[in-house]
Amino acid sequence: FIHQERTKNNINTTRRIDYSQSTTMSGSNAPLYAKRSLRVINAESDDGSTEYKRQVHKLSTSRLHTLATQMSYRLDEGHGRCTYHIGVEDDGCHSVLDYSAVSESAWVLESIARSLNAVVLERKMIQNEIEMSDDGKLKLVDNINDVLVVEEPPVLSSGIDGFNCEDEKEEKSCGDDEEASKKKSVRKLSAADEAYTRCELTIQRVETHLLDPSPLSLSSLSRGSSFADGVNGAVEASTLSNLERLKLSSPASTSCCKEESKVAGETNDTQHTVNTVEETLSTRNIRVAVVGNVDAGKSTMIGTLTTSFLDDGRGSSRTSIMKHRHEIESGRTSTSSSHLLGFRHSGEPIAGRDKIRANKMKTEDEIARESYRIVTLMDLAGHEKYLKTTIHGVSSGFADYAIVLVNSRHPPTHMTQHHLNLCCSFGIPIIVVFTKIDGCPEHALATSKNELAKLLKSPEIGRRPFAIKTEQDIITSMGKLHTLAPTIDISCVTGEGLDLLRKMLFSLPKRRRHEKKVDRPFEFLVEDIFLNVPGVGSVVSGFVNAGELNVGANCNVYVGPTNDGTFLKTVAKSAHVARINTSHITAGQSACLAFSLNKELRKKLRRGMVVVQESPTATKEFDAEICVLKGEGTTIRRSYQAYVHILNVRQSAFARDIQIVNNNALGLPPSHNAKEDTEGIVLRPGSRAKVRFEFAQRPEYIRPGMRMLFRDGRVRGVGIVTGIPQ
């Protein structure tokens with residue numbers, strides 16, 4: 001939302017710069033300004049997908065970035081398609097420019113479009129709209145059939161090695177179609193100074209990776225590259241078949257395009273239908289939790305994978321993804337954060353460094369638009385004092401898989417055991433990564449692997465380590481991740497093993513099928529809040545757990561519960577997914593929602609809330625069937641207090657009632673049975689029971705089927721919510 005407001009400001013800045021670069025009214029240039037009063041189209045609107053430009057040339061790098069941001073805004077407004085009118089003033093009047101000036105401006109805008117992963121579908125050159133009157137003044141032509149409209153091929157996307165304005169073009173008249181077809185002839189676009197020209201560019205964003213990065217960087221444009229040099233250096237963006245598919249990729253024809261491709265039986269990568277960002281971020285988005293001890297190198301590994309740059313051994317990679325200053329200074333992650341790693345159809349990772357903007361990171365929306373498949377890496381804290389933050393991150397993160405990092409130079413610690421138990425408690429498959437193998441003694445690495453193998457084979461975890469050395473080992477391990485724990489040796493300094501890890505991540509199948517929950521009532525879990533975003537208002541971020549929602553002025557939702565158990569009725573004005581403005585969100589996506597709330601109601605927002613469409617109810621009590629984990633001795637009886645994690649909800653709760661579950665029917669030995677003493681039922685490690693919990697502070701939104709975890713310092717047990725008392 002902040003990005004959107006800045007974009008609007010950039011648009012206003014763009015217009016001011018355009019006029020500052022234009023010819024002024026002073027001196028001998030006053031007659032030229034007077035000529036620019038012939039209106040050919042309607043005036044420009046601040047909103048929408050249409051942009052007017054007089055001329056774009058001799059631009060600085062900062063100015064090019066401003067134009068790129070402006071084009072991205074217009075593409076978002078047009079849902080992936082926008083129109084540029086070159087040689088036209090903001091009020092719709094003709095700019096009275098010759099062919100060469102308009103053609104050069106069109107080339108610059110095409111290059112900017114390529115840097116935004118977009119192509120030019122249509123390029124129209126229009127001449128003969130203005131003629132000289134008998135008194136020597138310019139006027140609009142009387143006969144509209146005399147207007148010359150020529151469709152030129154897009155320079156960059158068609159692979160043309162050059163452009164000669166003297167080439168013969170086929171005329172298209174603006175008059176009646178039948179009469180124009182009779183007068184159809186081959187004519188030339190004039191390059192004379194008196195041949196006043198304007199251009200219409202239709203630009204389409206490519207939602208999947210159908211073209212390579214821009215053939216000419218923005219920095220090259222700012223250094224004054226000529227028009228001919230830019231065209232000669234252009235690389236073919238996509239095949240003609242890709243361009244034809246792009247023309248069919250409008251919202252009205254997307255479904256038709258998909259059906260035709262199914263009938264045709266297209267199978268190879270070049271014949272994929274145009275996939276939307278929405279599909280990529282929901283059905284092809286794999287969420288991976290990254291856990292490990294404080295010195296294992298979690299943030300460094302994520303930074304190396306997402307930026308495609310190796311670490312210098314002193315923490316250069318981790319600084320690119322850390323959120324707070326104290327994290328950078330101490331090297332310890334204290335909060336949960338998510339980072340996108342994109343892949344193309346072939347499995348090639350998308351470089352996190354922007355090739356167009358030399359030393360800048362690609363934004364989430366750029367990665368999402370270029371990717372066919374996305375892996376969301378959730379960086380969690382490793383230090384023991386942040387264990388509750390890590391537990392909440394795993395509980396509310398809906399992770400498909402977990403990567404457990406182990407420092408190869410030191411044996412696994414008790415925190416590694418806690419993280420393994422935590423992941424297994426939620427049924428998350430595990431991938432073990434040994435880090436810092438560069439310069440690690442062989443005996444130290446062997447000791448670490450032996451100690452970890454003992455942990456994996458313990459009854460609480462029940463996994464068998466499987467070393468990944470080749471691509472064939474990756475194929476072998478797929479489908480067996482609930483019994484195997486693949487292990488990979490990597491070094492973020494030398495790059496050893498990183499390619500295998502990337503291929504492993506790309507090969508992971510989607511485990512959670514959120515698309516099957518689209519038909520359920522809408523349920524959005526709030527993970528973070530922003531009370532006052534400038535120009536937007538209150539914003540919440542979180543995860544769409546079920547259903548779908550079309551935001552807008554008529555989208556009424558309920559947000560809560562508040563401290564008194566009530567829900568706030570409000571309007572979901574707009575939504576963002578991976579910093580992309582959208583009107584529709586669906587199950588399986590991480591999104592942001594903007595609400596229409598006044599200052600008093602904003603103060604009631606908090607983490608752990610839920611957003612639903614149907615009027616919900618909150619409860620302070622719930623029933624759950626729990627299992628006490630084996631390990632350190634603990635006893636649970638009535639009035640036992642623990643900290644409960646239920647998805648995004650976390651709060652202290654009391655055990656109000658306990659009922660024994662028949663452990664013998666589950667095959668457990670008698671020693672694991674819960675026993676009843678003079679003070680009531682006592683639960684011991686390994687026993688199962690039905691327990692009624694009561695929240696200590698405020699009501700929460702709970703429904704049957706949610707998975708829960710409770711702890712009193714460390715994880716004590718897991719369970720499933722079975723019912724809500726009436």
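Each remark here, short or long, concerns the structure printed above.
Here goes a summary of the coordinates provided. Small disclaimer: the values here were computed from a predicted structure and weren't measured. Along every chain, residues carry numbers that run from 1 in the direction the sequence is written. With pLDDT at 70 or above as the cut-off, local features in this predicted model cover only qualifying residues; side-chain atom pairs require 80 or more to be listed or tallied, and sums for whole chains, interfaces and linings still use all residues. Side-chain descriptors were evaluated using all non-hydrogen atoms of the structure, hydrogens and water having been removed beforehand.

### Here's the deal with the packing of aromatic side chains
Under the pairing criterion, centres of Phe, Tyr and Trp rings, with the six-membered ring standing for Trp, must be within 6.5 Å; the plane angle then separates stacked pairs below 30 degrees from edge-to-face pairs above 60, leaving the rest tilted. Going through the model one piece at a time under the given rule, you end up with 6 aromatic pairs. Ring centres of Phe 343 and Phe 506 lie 5.4 Å apart, and the angle between their planes is 50°; this geometry places the pair in the tilted category. Highlighted residues: Phe 343 in strand β11 (residues 337-343) and Phe 506 in helix α18 (residues 498-507), separated in sequence by 163 residues. In terms of burial, Phe 343 and Phe 506 fall into one category: buried. A run of DSSP states H or I qualifies as a helix once it reaches four residues; a run of E qualifies as a strand once it reaches two. Both are numbered from the N-terminal end. For every residue, the accessible area obtained with a 1.4 Å probe (protein chains only) is divided by the maximum for its type, and the residue is called buried under 20%, exposed over 50%, and partly exposed between those limits.

### Some words on the sheet that holds strand β2 (residues 81-86)
Two strands pair if DSSP finds at least two bridges between them. Judged by pairing direction, the sheet is mixed, and its 5 strands sit side by side in the order β1-β2-β9-β3-β6 without closing on themselves. For this open sheet the edge positions go to β1 (50-53) and β6 (148-152), each flanked by a neighbour on one side alone. Put simply, the sheet's adjacent strands are angled 20° from each other on average, direction ignored. Inspection of the sheet shows strand β3 (residues 118-127) paired to strand β9 (residues 197-205) by 9 bridges, in the antiparallel sense. Note on β9: the bridge partner recorded for Glu 122 is Thr 202. Here, residues are in contact when the closest pair of their heavy atoms is within 4.5 Å. Between the N-to-C directions of two axes lies an angle of 0 to 180 degrees, each axis being a line fitted to C-alpha atoms and, for a helix, fitted only over the stretch in contact. Sheet contacts for helix α3 (residues 61-77): β1, β2, β3 and β9; angle to β2, the most-contacted strand, approximately 130°. Contacting β2, β3, β6 and β9, helix α4 (residues 99-115) runs over the sheet at an angle of about 170° to β3.

### Description of the packing of α3 against α4
Two elements in contact, α3 and α4, have axes whose closest approach is 10 Å; the angle formed by their N-to-C orientations is 70°. In terms of axis orientation, α3 runs roughly perpendicular to α4. In the crossing of α3 with α4, the sense of the turn from one axis to the other is right-handed. Along the contact surface, α3 presents Leu 64, Leu 67, Ala 68 and Met 71, while α4 presents Val 108, Leu 109, Ile 112 and Ala 113. Taken together, the residues of the contact of α3 with α4 sort by class into 8 nonpolar, no polar and no charged. Angles are sorted into four bins: roughly parallel if under 35 degrees, roughly antiparallel if over 145, roughly perpendicular if 65 to 115, and oblique for all others. Working rule for handedness: look at the near helix, and if it is turned counterclockwise from the far one by less than a right angle, call the crossing left-handed; if clockwise, right-handed. Three classes are used, and their members are as follows: Ala, Val, Leu, Ile, Met, Phe, Trp, Tyr, Cys and Pro are nonpolar, Asp, Glu, Lys and Arg are charged, and the others, Gly among them, are polar.

### Details of the side chain of Arg 463
Topologically, Arg 463 is positioned in the loop between α16 (442-456) and β15 (464-467). Buried and unpaired, Arg 463 has no salt bridge, with Glu 460 as the nearest side chain of opposite charge at 11 Å. Beyond its immediate sequence surroundings of up to four residues, Arg 463 is in contact with Cys 424, Ile 428, Leu 456, Lys 457, Leu 481, His 482, Thr 483, Leu 484 and Ala 485. His is not counted, nor are the chain ends; Lys and Arg add positive charge and Asp and Glu add negative charge. Salt bridge, as used here: a side-chain nitrogen of Lys or Arg that lies within 4 Å of a carboxyl oxygen of Asp or Glu.

### Comments concerning the pairing of strand β24 (residues 590-595)
Here strand β18 (residues 537-546) runs beside β24; their pairing, made up of 6 bridges, is antiparallel. Of the residues in β24, the one forming a bridge with Val 540 is Leu 593. With 5 bridges joining them, strand β21 (residues 568-577) and β24 adopt antiparallel strand pairing. Within the sheet, the bridge partner assigned to Ala 575 lies in β24 and is Leu 593.

### Looking at the environment of Arg 606
Tracing the backbone shows Arg 606 in the loop between α19 (599-602) and β25 (610-612). Owing to a relative accessible area of 12%, Arg 606 belongs among the buried residues under this scheme. Along the backbone, Arg 606 and Gly 560 are 46 residues apart, and their C-alpha atoms lie at a distance of 8.5 Å. Setting aside chain neighbours within four positions, we find Arg 606 in contact with Val 526, Ile 529, Pro 561, Asn 563, Arg 698, Pro 699 and Glu 700.

### Brief notes about the pattern of salt bridges
Pairing between side chains of opposite charge can happen when the charged atoms of each approach one another. For the structure on display, the rule yields 25 salt bridges. Here Lys 469 and Asp 489 are joined by a salt bridge, their closest N and O atoms 3.8 Å apart. Taken as a pair, Lys 469 in the loop between β15 and α17 (471-477) and Asp 489 in strand β16 (residues 484-489) lie far apart in primary sequence, 20 residues in all. The class for Asp 489 is buried, based on a relative accessible area of 16%. Here Arg 607 ties to Asp 528 by a salt bridge, and the two come within 3.0 Å at their closest N and O atoms.

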